[in-house]
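Architecture and fold: a report
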Amino acid sequence: MQMKLELVAVPVSDVDRAKVFYTEKIGFNADHDYQVRDDLRFVQLTPLGSACSIVIGIGITDMQPGSVKGLQMVVSDVKEVRDELVKRGVAVSEIELLPWGSFAYFSDPDGNRWSFQQL
């Protein structure tokens, strides 16, 4: 039985602000932005090279904005990614070296917490 994780909901308080953050600051691709009806807006964003996307919007989830912690993206060079995001104005932690990889952390404007891992 094969399964693929393809979409993760990320709760945000301001969809337009979050979309700008993820696309312009982090570099995600804006795949879809549909206002289905007044109470449903679907915005799908994908990290470059990823088979999994996130969805933000209105009427997508009942999770509180900022409540998602532990989202992780694997990168080939965490220092290079960190340096680029700092240039773009993103608050990224210093790199943490652990036996299972090197990590840097950031949060979106609502406080949803992400990490970059270099294996």
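All of the points below concern the structure found in this document. (Residues numbered from 1 in each chain as written. Predicted model: local features only at pLDDT ≥ 70, side-chain atom pairs only at ≥ 80, totals over all residues. Heavy atoms only, no water.)

Here we come to the sheet that holds strand E3 (residues 40-46). The strand order across the open sheet built from 4 strands is E1-E4-E3-E2, with neighbouring strands paired in mixed fashion. The sheet is open, and its two borders are formed by strand E1 (7-9) and strand E2 (29-37), each paired with just one other strand. On average, each strand axis in the sheet is tilted by 25° relative to the strand beside it, whichever way the strands run. Here 3 bridges tie E1 to strand E4 (residues 53-58), and the two strands are oriented parallel to one another. (Pairing = 2+ DSSP bridges. Helix = DSSP H or I, 4+ residues; strand = E, 2+ residues; numbered from the N terminus. Axes fitted to C-alpha atoms, helices over the stretch in contact; angles between N-to-C directions.)

By the element assignment, Asn112 lies in the loop between strand E7 (101-107) and strand E8 (113-118). For Asn112, a relative accessible area of 0% gives the class buried. One polar contact links the side chain of Asn112 to the main-chain amide nitrogen of Gly66, over a distance of 3.3 Å. Here the side chain of Asn112 touches Val68 through a polar contact of 3.1 Å, landing on its backbone nitrogen. Setting aside anything within four residues of it in sequence, one finds Asn112 in contact with Val10, Pro11, Val12, Tyr22, Gly66, Ser67, Val68, Phe106 and Ser107. (Buried < 20%, exposed > 50% of the residue type's maximum accessible area, 1.4 Å probe, protein only. Polar contact = N/O pair within 3.5 Å; in protein donor to acceptor, adjacent residues only side chain to side chain. Contact = heavy atoms within 4.5 Å.)

This part takes up the packing of aromatic side chains. This structure, assessed with the given rule, holds 8 aromatic pairs. Taking the centre distance of 6.3 Å and the plane angle of 40° together, the rings of Phe21 and Phe106 count as tilted. Of this pair, Phe21 sits in helix H1 (residues 15-25) while Phe106 sits in strand E7, placing them 85 residues apart in sequence. For the pair Phe21 and Phe106, a shared accessibility class is recorded, and that class is buried. Plain terms: the ring middles of Phe28 and Trp114 are 5.8 Å apart, the flat faces sit at 80° to each other, and that makes the pair edge-to-face. With a gap of 86 residues between them, Phe28 in the loop between H1 and E2 and Trp114 in strand E8 connect regions that are remote in the sequence. The buried category is assigned to Phe28, whose relative accessible area is 5%. Its relative accessible area of 4% is what places Trp114 among the buried residues. Through a chain of ring-to-ring contacts, the aromatic side chains of Phe21, Tyr22, Phe28, Phe106, Trp114 and Phe116 assemble into a single cluster. (Phe/Tyr/Trp six-rings, centres within 6.5 Å; stacked < 30°, edge-to-face > 60°.)

If you check which residues of helix H2 (residues 78-87) are buried, you get Val78, Arg82 and Leu85. Projected down its long axis, H2 shows its buried positions confined to an angular sector of 70°, all on one face. Among the exposed residues of H2, those oriented more than 90 degrees off its buried face are Lys79, Glu80 and Lys87. On its buried side, H2 packs onto H1, E7 and E8. At the N-terminal end of H2, a side-chain oxygen is found 3.1 Å from the backbone nitrogen of Lys79, two or three residues along, and the residue is Asp77. Two residues or fewer after H2 comes Gly89, characterised by a positive phi angle close to 90°. (Arc of directions from axis to C-beta.)

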